[in-house]
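Observations on the model geometry
Listed below, chain by chain, are the residues.
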Amino acid sequence: RCMLAIETSCDETSVAILNDGRTVRANVIASQIPVHQKYGGVVPEIASRKHMENIVDVVDAALVEAGVTWDEVTSVAVTQGPGLVGALLVGVAYAKGVALARKLPLVPVHHIEGHIYANFLAEPDLTFPLLCLVVSGGHTHLIELTGHGVMRIIGATRDDAAGEAFDKVARALQLPYPGGPQIEQLARSGAEDAYELPRAWLENSLDFSFSGLKSAVLNTLHRSRQRGETIDAAGLAASFQAAVADVLVGKTCQAAREAKIDTVLLAGGVAANSYLRTRLTTALAAEGRRLVTPPLVLCTDNAAMIGCAGYYRLLRGITAQADLNAIANLPLL
Ligand code: ATP
Ligand code: MG
Ligand code: FE
């Protein structure tokens, strides 16, 4: 059982080969970050063009790395959405072509389900129920999982996603795209209490809000510049990161307590943040709970996670036909 998995939802062209959805034999990621960096963010038109240029080479590289021939591939999984439609279409069109030509089952995968399933690559024997904190460039969700594909969103952001807030604050600090890793790096040499920043607790809710925090950072910067004061950029980065983590950790612990779930998963690009990983691990452990995290390379966009989610979807009989279409705002449920 050998699956070819494709992910092209944003600025990574990625192709993976997996055995039984668990064993990753190859996970090739062609990042476009350098291409988009000079614009300070992902340019959709350029992203889809780059996917077009890259896709065939990335597929070939994955097959070579895995030591697998086309004849051994038994299924194809692809990210159907959400994401940039022009970028998604490249992966979907390629996957449809392969599935049709080789008469293989085609499995459509939701990108966020993929992020969640990166945890099953880290720990294949996870048992339900599970709670997952999804923190990515476009999503901030608390999700309760009671079986494969059986999910309930119990909290979500009301405005900016966590990763989006990292990227916007980084931009204001004139750091290159993507901002998350830059903020984390800068925060290492700053004091968490350098600046007083707000935390949106949204009483009696597991929802999140990061736009007020983002605005507070921008206002702090403007005020300092107007007054000609020097900005403690490292301190601001550390104070911001601590404010984001306080709320994410607080609400995740609350959700785990209320739902009585002992195993918590972390997913999405911001899951690569080691400050957050440490804070969440410690806070959950203090209440007798355990945090599972994917290895760093499986936190940000990659095709291995799509293959893992696709494997469990195929087991449930979820396949698509040749009329499969990319959907930019595909809902998770
Ligand atoms: P989505 O998955 O919601 O569709 P996306 O695919 O663009 O969005 P991901 O690839 O999951 O997002 O994650 C990218 C985001 O993760 C960016 O916002 C980036 O700044 C953030 N990120 C990556 N590494 C870190 C880090 N070490 N600390 C904080 N944020 C990080
Ligand atoms: Mg990306
Ligand atoms: Fe993503």
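Reading the values: rules and limits
- Residues numbered from 1 in each chain as written.
- Chains lettered and ligands numbered in written order.
- Predicted model: local features only at pLDDT ≥ 70, side-chain atom pairs only at ≥ 80, totals over all residues.
- Buried ≥ 20, exposed ≤ 12 C-beta atoms within 10 Å, placed from the backbone.
- Helix = DSSP H or I, 4+ residues; strand = E, 2+ residues; numbered from the N terminus.
- Pairing = 2+ DSSP bridges.
- Right-handed = clockwise from strand over helix to strand, strands pointing away.
- Near = placed C-beta within 6 Å.
- Nonpolar A, V, L, I, M, F, W, Y, C, P; charged D, E, K, R; others polar.
- Axes fitted to C-alpha atoms, helices over the stretch in contact; angles between N-to-C directions.
- Parallel < 35°, antiparallel > 145°, perpendicular 65-115°, else oblique.
- Left-handed = near helix turned anticlockwise from the far one by under 90°.
- Contact = placed C-beta atoms within 7 Å.
- Core = buried A, V, L, I, M, F, W, Y, C linked by C-beta atoms within 7 Å.
- UniProt positions renumbered as here; feature names shortened; annotations may be inferred.

**Let's talk about the pairing of strand E9 (residues 263–267)**
Within E9, five of the five residues are buried, which leaves it mostly tucked inside the rest of the structure. In this sheet, E9 lies alongside strand E6 (residues 130–135) in parallel orientation, the contact comprising four bridges. Counted as the bridge partner of cysteine 132 is leucine 265 from E9. Where E9 meets strand E10 (residues 290–292), three bridges bridge the pair, whose relative direction is parallel. Considered in E10, the bridge of threonine 263 is made with arginine 290. Handedness of the β-α-β unit built from E9, helix H9 (residues 274–285) and E10 comes out right-handed.

**Thoughts on the site of ligand 1**
Around ligand 1 there are 24 residues in total, and Gly137, Gly138, Gly163, Gly180 and Gly269 lie nearest to it. Among the elements of the structure, helix H4 (111–122), helix H5 (162–172) and helix H6 (179–187) are those that each provide at least two residues to the shell around ligand 1. Residue contributions to the shell around ligand 1 peak at four residues, all from H6. Residue composition of the shell around ligand 1, by class: seven nonpolar, 14 polar and three charged.

**A few points about unusual backbone geometry**
Between glycine 81 and the following residue, proline 82, the backbone shows a cis peptide bond with an omega angle of -5°. Within the secondary structure, proline 82 is located in the loop between strand E4 (75–81) and helix H3 (85–102). The residue after phenylalanine 128, namely proline 129, is reached through a cis peptide bond having omega 0°. Within the fold, proline 129 resides in the loop between H4 and E6. Here lysine 260, not a glycine, exhibits a phi torsion of approximately 55°, which is positive.

**Observations regarding the packing of helix H7 (residues 211–226) against helix H8 (residues 233–259)**
The interhelical angle for the contact between H7 and H8, taken along N-to-C directions, is 165°, at an axis separation of 11 Å. Considering their axes alone, H7 and H8 lie roughly antiparallel with respect to each other. Like other packed secondary-structure pairs, H7 and H8 cross with a definite hand, here right-handed. On the side of H7, the interface is formed by Leu213, Val217 and Thr220, while H8 contributes Leu236, Phe240, Ala243 and Val244. In the contact of H7 with H8, the residues fall into six nonpolar, one polar and no charged.

**Here's the deal with the nonpolar core**
The biggest cluster of nonpolar side chains holds 101 residues, and the ones touching the most others in it are Ala5, Val15, Ala16, Ala62, Cys132, Val244 and Ala304. Residue contributions to this core peak at 12 residues, all from H8. Beyond its immediate stretch of four places on either side in the chain, cysteine 132 contacts Ile116, Ile143, Leu145, Leu265 and Ala267.

**Side note on the pairing of strand E8 (residues 150–156)**
Where strand E7 (residues 140–147) and E8 come together, six bridges link them in antiparallel fashion. Residue leucine 142 lies in a different strand from E8, and its bridge partner there is glycine 155. Hairpin connection, E7 to E8: the antiparallel pair is bridged by two residues, and glycine 149 has positive phi, about 75°.

**Considerations on the UniProt feature "binding site: Fe cation" (unreviewed entry) in the protein chain**
The sites that carry the UniProt feature "binding site: Fe cation" (unreviewed entry) are, in the present numbering, His111, His115 and Asp301. For the annotated residues, spread through 191 residues, the largest C-alpha to C-alpha distance comes to 8.7 Å, consistent with a single compact locus. Relative to the helices and strands, histidine 115 is located in helix H4. Residue classification places histidine 115 among the buried residues on the basis of 30 C-beta atoms within 10 Å. For histidine 115, the residues in contact, after removing those within four places along its chain, are Val134, Ser136, Ala267, Gly268 and Met305.

**Looking at the environment of leucine 84**
Summarising the element assignment, leucine 84 is placed in the loop between E4 and H3. Since 22 C-beta atoms lie within 10 Å of it, leucine 84 is described here as buried. Once the C-alpha coordinates of leucine 84 and glutamine 254 are considered, the two residues, 170 residues apart in sequence, prove to be 33 Å apart.

**As for the sheet that holds E6**
Here five strands make up an open sheet; going across it, the order is E8-E7-E6-E9-E10 and the pairing mixed. Looking at which strands have only one partner, the edges of the open sheet turn out to be E8 and E10. Within the sheet, the average angular offset between the axes of one strand and its neighbour, ignoring direction, is 25°. Against the sheet, H8 makes contact with E6, E7, E8 and E9, and its axis sits at roughly 160° relative to E6, the strand it touches most.

**Some points on the UniProt feature "domain: Gcp-like" (unreviewed entry) in the protein chain**
What UniProt calls "domain: Gcp-like" (unreviewed entry) maps, in this numbering, to residues 24–307. With 49% helix and 17% strand, residues 24–307 has its two end C-alpha atoms placed 9 Å apart.

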